[in-house]
Amino acid sequence: MKLHKESKGTLIVAGIAFTVISILSVYFLEMWGLAIILPLLIIYGLIFWFFRVPNRDILNHKENVIAPVDGKVVMIKHVEETEFIQGKAIQVSIFMSPLNVHICRYPVSGEVIYKKYHPGKYLVAWHEKSSTENERTTVAVQSLTNHIVVFRQIAGYVARRIVFNCNEGDSAKAGHEFGFIKFGSRMDVFLPLDAEITCKIGQKTKGGIDTIAKMNA
């Protein structure tokens with residue numbers, strides 16, 4: 001199993017902390033210290049699982065809007081997107097639990113025309129206001145179908161680090177990685193009003209594979 005490059009620092013810090021705690025537990029508590037070591041090993045194993053990079057065959061897409069993350073669709077609604085579109089759009093929000101793969105992928109192919117990082121709060125990621133008040137990033141792509149698609153990484157109560165590796169002028173390829181969020185969060189995708197939404201509330205998504213909408217050229 002491959003691990004994401006963002007795992008390195010977290011695994012080193014966690015490994016050192018768990019080793020020190022384990023040694024002190026055995027030294028001071030002797031056999032009772034084993035009761036502390038076992039949960040630590042389980043937690044360390046979960047951290048490994050969190051940073052996994054699954055092998056996925058990413059296809060070329062033009063009209064399809066691809067799920068940008070693994071998770072569950074928690075919102076589909078018409079909203080006013082005020083940062084870049086500055087008008088009405090369809091918002092599709094996908095919530096990621098700490099057990100989901102947290103690689104963030106481009107939902108559409110095209111050209112990156114906007115990016116911005118916003119510091120903010122750490123409300124629980126499923127809270128509606130987290131889209132505009134939490135720490136977040138916003139990226140806009142001019143799609144191959146000549147539509148503007150905006151998508152937003154949102155930090156949650158647990159997630160405290162957002163990574164997005166894209167710049168204006170970059171070529172976006174649907175399903176391919178552009179960022180990562182550590183430990184539970186949300187992705188919002190803002191689509192044009194004429195987009196055909198193909199996902200449903202409560203549906204589980206597989207990032208880079210599942211189609212959440214379609215846009216005609």
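About the criteria used
- Residues numbered from 1 in each chain as written.
- Predicted model: local features only at pLDDT ≥ 70, side-chain atom pairs only at ≥ 80, totals over all residues.
- Heavy atoms only, no water.
- Pairing = 2+ DSSP bridges.
- Helix = DSSP H or I, 4+ residues; strand = E, 2+ residues; numbered from the N terminus.
- UniProt positions renumbered as here; feature names shortened; annotations may be inferred.
- Axes fitted to C-alpha atoms, helices over the stretch in contact; angles between N-to-C directions.
- Parallel < 35°, antiparallel > 145°, perpendicular 65-115°, else oblique.
- Contact = heavy atoms within 4.5 Å.
- Nonpolar A, V, L, I, M, F, W, Y, C, P; charged D, E, K, R; others polar.
- Disulfide = S-S within 2.5 Å.
- Buried < 20%, exposed > 50% of the residue type's maximum accessible area, 1.4 Å probe, protein only.
- Salt bridge = Lys/Arg side-chain N within 4 Å of Asp/Glu carboxyl O.

Caption draft 1: Broad picture of the sheet that holds strand 16 (residues 211-214). One open sheet accounts for three strands, arranged 3-16-14; its pairing is antiparallel. Of all strands in the sheet, those with a lone pairing partner are strand 3 (64-66) and strand 14 (196-197), marking the two edges. Here strand 14 runs beside strand 16; their pairing, made up of two bridges, is antiparallel. By the bridge assignment for strand 16, E196 is matched with K214.

Caption draft 2: Representation of the UniProt feature "transmembrane region" (unreviewed entry) in the chain in the model. As recorded in UniProt, the feature "transmembrane region" (unreviewed entry) lies at residues 9-28 and 34-51. Annotated as residues 9-28, this span is 100% helix and 0% strand, and its ends, taken at the C-alpha atoms, are 29 Å apart. A helix fraction of 94% and a strand fraction of 0% characterise residues 34-51, whose end C-alpha atoms lie 26 Å from each other.

Caption draft 3: How the structure looks around the packing of helix 1 (residues 7-29) against helix 2 (residues 34-50). In contact at an axis separation of 10 Å, helix 1 and helix 2 are set at 170 degrees when each is read in the N-to-C sense. If you check the angle between helix 1 and helix 2, you find them roughly antiparallel. Contact with helix 1, carried on its side by T10, L11, A14, G15, F18, I21, S22, S25, V26 and L29, involves I36, I37, L40, I43, Y44, I47 and F48 of helix 2 and no other residues of that element. Partitioned by chemical class, the residues of the contact of helix 1 with helix 2 number 13 nonpolar, four polar and no charged.

Caption draft 4: Main features of the state of the cysteines. Applying the stated criterion to the full structure yields zero disulfides. Cysteine C104 shares no disulfide, and the gap to the nearest cysteine sulfur, in C166, comes to 10 Å. By relative accessible area, C104 is classed as buried at 0%. We note that C199 lacks a disulfide partner, and the nearest cysteine sulfur, in C104, lies 17 Å from it.

Caption draft 5: Up close: the pattern of salt bridges. Scanning the model with the defined rule gives five salt bridges in all. Between D70 and R56 there is a salt bridge whose closest N-O contact spans 2.7 Å. Of this pair, D70 sits in the loop between strand 3 and strand 4 (71-81) while R56 sits in the loop between strand 2 (52-53) and strand 3, and the two are 14 residues apart along the sequence. Taking relative accessible area as the criterion, D70 reaches 9% and is therefore assigned buried. With a shortest N-O distance of 3.2 Å, E83 and R152 are connected by a salt bridge. Taken together, the residues E83 in the loop between strand 4 and strand 5 (87-96) and R152 in strand 9 (residues 148-155) connect sequence positions 69 residues apart. Through salt bridges with shared partners, a single network forms among E81, E83 and R152.

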